[in-house]
Amino acid sequence: MTDILFTLYPWIKALHIMAVISWMAGLFYLPRLFVYHVEQAGTVDGAGAIFEVMEEKLLRVIMRPAMIVSWVCGLILVLTPGIVDWSWVWPWTKGVSVIAMTWFHHWLALRYKAFAAGENALTGRQYRMMNEVPTVLMVIIVLSVILKF
Ligand code: HEM
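Criteria and cut-off values
Every chain's residues receive numbers from 1 upward, in the order its sequence appears when written. Per-residue local features of the predicted model are confined to residues with pLDDT of at least 70, and side-chain atom pairs are confined, for both listing and counting, to 80 or more; whole-chain, interface and lining totals are unaffected and use all residues. Side-chain numbers come from the whole structure's heavy atoms, not from hydrogens or water. UniProt positions are given in the numbering used here, feature names are shortened, and annotations may be inferred rather than shown by experiment. Each helix is a run of DSSP H or I of at least 4 residues and each strand a run of E of at least 2, with the numbering of both proceeding from the N terminus. It only takes one pair of heavy atoms within 4.5 Å for two residues to be counted as in contact. The Shrake-Rupley method, run with a 1.4 Å probe sphere, supplies the accessible areas, and residue values consider only the shown protein chains as cover. In this scheme, a residue with accessible area under 20% of its type's maximum is buried, one over 50% is exposed, and one in between is partly exposed, where area comes from a 1.4 Å probe on protein chains only. Charged residues are defined narrowly, with Lys and Arg counted positive, Asp and Glu counted negative, and His plus the chain ends left uncounted. Definition used for salt bridges: Asp or Glu carboxyl oxygen within 4 Å of a side-chain nitrogen of Lys or Arg. Residues adjacent in sequence count toward polar contacts only when both atoms are side-chain atoms; beyond that, a polar contact is any pair of N or O atoms within 3.5 Å, and within protein one must be able to donate a hydrogen and the other to accept it. The angle between two axes is taken between their N-to-C directions and runs from 0 to 180 degrees, where each axis is a line fitted to C-alpha atoms and a helix contributes only its stretch in contact. Roughly parallel refers to an angle under 35 degrees, roughly antiparallel to one over 145, roughly perpendicular to one between 65 and 115, and oblique to any angle outside these ranges. Crossings are classed by handedness, with left-handed meaning an anticlockwise turn of the near helix from the far one by less than a right angle and right-handed meaning a clockwise turn. Under this grouping Gly is polar, as are all residues other than the nonpolar Ala, Val, Leu, Ile, Met, Phe, Trp, Tyr, Cys and Pro and the charged Asp, Glu, Lys and Arg. Put simply, buried Ala, Val, Leu, Ile, Met, Phe, Trp, Tyr and Cys residues joined by side-chain atoms within 4.5 Å make one nonpolar core. If even one non-hydrogen atom of a residue comes within 4 Å of a molecule or strand, that residue is called near it.

The name given to the chain in an unreviewed UniProt entry is Protoporphyrinogen IX oxidase, with Cribrihabitans marinus as the source organism. Per UniProt, the chain has the following entry under Sequence similarities (unreviewed entry): "Belongs to the HemJ family."

The structure is reproduced here in C-alpha cells:
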C-alpha cells in the first residue's frame, strides 16, 4: 500500500491542484454572480431565472465535483507516508482553512437555495464582503503548503 501511495504521489498531487483550481474558480465567481443577481435581476425581464441557471450549473457541475476531488486527493496525500508531519504548524493552519473553505462552499449553496425560493435576504454589499473570505483562506493555505512552517 505504501509503495502504491509513493508511486502515485506526483499524480495525486497534480490532480489535487487541478481540482483545487476549479473549486476556487467557483468559490470566487459565485458570490460575484450573487452580487449581480441582487443588483441587476430586477432591471431586465427573465434575468433572475438566467442567473439561477448559471448559479445552479456552477455549483452542481463544477464546484461540487471539484470540492470532492480536492478532498479525496488531499486526504490520500495526508495518508502518504512522510508527507504530513503533524508536529509542524502548517498542516493545522491548512486543515482549519480547508474546513473553513468547505463551510463557505456550503454557505454559498444555502444562499443559492434562498435565491431559488425567492427568499434572498442579503445585499450586494454583503455578498461583496463575503467574497473576501475565500481570498483570505487561499492566502493562508498557499503559504502553509509552500512555506511549511
Ligand atoms: C480539501 C481539503 C484539502 C486537503 C485534505 C489537502 C491536503 C494536501 C496535502 C496533504 C498536500 C501535500 C503537501 C506536500 O506534498 O507537501 C497538499 C498539497 C497542496 N495543496 Fe492541498 N489540501 C486540501 C485543499 C487545498 C486547497 C483548497 C488548496 C488551495 C487553495 C490547496 C492547495 C495545495 C497546493 C498548492 C499543494 C501543493 C504544495 C506543494 O507541493 O508544495 N489544497 N494538499
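> Please set out the overall build of the chain residue by residue, giving values where relevant.
Along its length, the chain carries 5 helices and 0 strands. Each helix (α) and strand (β) of the chain, taken in turn from the N terminus, gives the series α-α-α-α-α. Contacts in the chain between residues far apart in sequence, at least 24 positions, make up 81% of those at least 6 positions apart. Accessible surface for the chain amounts to roughly 8,900 Å². Of this, 73% is attributable to carbon and sulfur atoms.

> Explain the side chain of E55 residue by residue, including any values.
In this fold, E55 is placed in helix α2 (residues 47-79). Here E55 occupies a buried position and makes no salt bridge, while the nearest side chain of opposite charge, R111, is found at 11 Å. Of the polar contacts made by the side chain of E55, one reaches the side chain of H37; its length is 2.7 Å. Apart from the residues within four sequence positions on either side, E55 is in contact with L30, L33, F34, H37, Y112 and F115.

> Provide a residue-level description of the packing of helix α3 (residues 90-116) against helix α5 (residues 132-147), including the pertinent values.
Interaxial distance between α3 and α5 falls to 9 Å at its minimum, and their mutual angle equals 155°. Here α3 lies roughly antiparallel to α5, going by the angle between them. As for the relative orientation of α3 and α5, their crossing is left-handed in sense. Mapping the contact onto sequence places W90, T93, K94, S97, V98, A100, M101 and F104 in α3 and V133, P134, L137, M138, I140, I141, S144 and V145 in α5. Here the residues of the contact of α3 with α5 sort into 12 nonpolar, 3 polar and 1 charged.

> Describe the UniProt feature "transmembrane region" (unreviewed entry) in the chain, naming the residues involved and giving the relevant values.
In the numbering adopted here, UniProt assigns the feature "transmembrane region" (unreviewed entry) to residues 12-30, 61-83, 89-108 and 129-147. The span residues 61-83 carries 83% helix and 0% strand; its end-to-end C-alpha distance comes to 31 Å.

> Describe the nonpolar core, and please don't skip the residues or the numbers.
The biggest cluster of nonpolar side chains holds 25 residues, and the ones touching the most others in it are W23, L27, L30, F34, M63, M101 and L108. Secondary structure elements with two or more residues in this core: α1 (2-40), α2, α3 and α5. Discounting chain neighbours no more than four positions away, the residues touching L108 are L27, L30, P31, F34 and M63.

> Help me get a handle on the packing of α1 against α3, residues and values and all.
Packing of α1 against α3 brings their axes to within 11 Å, and their N-to-C directions diverge by 40°. Comparing the axis directions of α1 and α3 gives the class oblique. Seen from above, α1 lies across α3 with left-handed handedness. Here H16, W23, M24, L27, L30, P31, F34, H37 and V38 of α1 lie close against α3, whose contacting residues are K94, M101, T102, F104, H105, L108, R111, Y112 and F115. Tallied by class, the residues present in the contact of α1 with α3 amount to 12 nonpolar, 4 polar and 2 charged.

> Which residues make up the site of the ligand, and what values go with them?
The environment of the ligand is formed by 19 residues, the closest being Y9, K13, H16, K94 and K148. Between the ligand and Y9 there is a distance of 2.4 Å, counted from an oxygen atom to a side-chain nitrogen or oxygen. If you list the elements that add at least two residues to the shell around the ligand, you get α1, α2, α3 and α5. In terms of residue count, α1 provides more of the shell around the ligand than any other element does, 7 residues in total.

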